[in-house]
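Summary of structural features
Each chain is listed here by its residues.
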Amino acid sequence: MSEQTKKEIYAWAKTIVFCFLLVFICRQFVFTPIIVDGKSMMPTLENNNRILVNKITSIDRFDVIVFHSPVSSAYYIKRVIGLSGDNIEVKDDSLYVNGKKYDEPYLQANKEILAEGHLTADLKETVPEGYLYVMGDNRLKSNDSRRFGFILKEDVVGKAALRFYPFDQMKVLNE
């Protein structure tokens with residue numbers, strides 16, 4: 001093997017190792033792909049959608065987040081309804097946070113399907129320090145804070161940033 005061939009192989013090997021290292025660091029600390037499993041976030045996200053989760057951003061009210069489930073080893077994806085210290089109230093299917101009424105346009109499609117009744121039973125909660133209150137957009141089919149309680153902020157993996165599959169539904173999330 002010639003000296004030139006050895007240099008070429010060494011250059012390629014360095015490039016490949018560098019690329020693998022870069023991908024590893026990005027997946028561990030910056031973003032990670034997740035496959036949506038279930039119907040709890042319909043119609044915002046559907047079963048088998050692929051999303052990128054941003055691990056280095058702050059979490060705000062109404063963001064869609066991914067977190068470690070408090071009841072299983074799975075990841076859950078839900079919408080943040082309440083931040084630490086918030087007083088949450090749902091009354092007649094209307095959301096109030098700290099006494100202020102909020103529209104939830106992401107629920108409209110599910111409300112149209114439901115002929116009568118409510119998507120969300122009335123509730124009142126105060127979110128403790130260090131915790132979040134989360135609910136799925138498909139309130140009738142969501143295992144969320146109404147069942148398992150508050151989630152620790154440190155259990156949050158990150159914020160859903162981009163749906164990249166199916167390709168025809170590619171969309172930036174949490175705009």
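Everything numeric here is computed off the predicted structure, so don't read it as measured data.

Focus on the pattern of salt bridges
For the coordinates displayed, the defined rule picks out five salt bridges. Asp63 is paired through a salt bridge with Lys159; the nearest N and O atoms lie 3.3 Å apart. Of the two residues, Asp63 sits in the loop between strand 2 (50–54) and strand 3 (64–68) while Lys159 sits in strand 11 (residues 156–165), which places them 96 residues apart along the sequence. Of the two residues, Asp63 and Lys159, both sit in the buried class.

Concerning the sheet that holds strand 8 (residues 123–126)
The four strands are arranged 7-6-5-8 in an open sheet whose pairing can be described as antiparallel. This sheet does not close on itself; its edge strands, each paired only once, are strand 7 (100–102) and strand 8. Strand-to-strand twist of the sheet, defined as the mean angle between neighbouring strand axes without regard to direction, takes the value 20°. Summarising the sheet, strand 6 (residues 94–97) and strand 7 pair through three bridges and their orientation is antiparallel. Note on strand 7: the bridge partner recorded for Val97 is Lys100.

Some words on the pairing of strand 4 (residues 75–82)
In terms of burial, strand 4 is largely enclosed, as seven of its eight residues are buried. Where strand 3 lies against strand 4, five bridges are found, and the strand directions are antiparallel. Looking at strand 4, one finds that Phe67 is bridged to Tyr76. Between strand 3 and strand 4, which follow one another and run antiparallel, lie six residues. Sheet topology note: the strand 4/strand 9 (residues 131–135) ladder contains three bridges and is antiparallel. Of the residues in strand 9, the one forming a bridge with Arg79 is Met135.

About the thresholds
Residues numbered from 1 in each chain as written. Predicted model: local features only at pLDDT ≥ 70, side-chain atom pairs only at ≥ 80, totals over all residues. Heavy atoms only, no water. Salt bridge = Lys/Arg side-chain N within 4 Å of Asp/Glu carboxyl O. Helix = DSSP H or I, 4+ residues; strand = E, 2+ residues; numbered from the N terminus. Buried < 20%, exposed > 50% of the residue type's maximum accessible area, 1.4 Å probe, protein only. Pairing = 2+ DSSP bridges. Axes fitted to C-alpha atoms, helices over the stretch in contact; angles between N-to-C directions.

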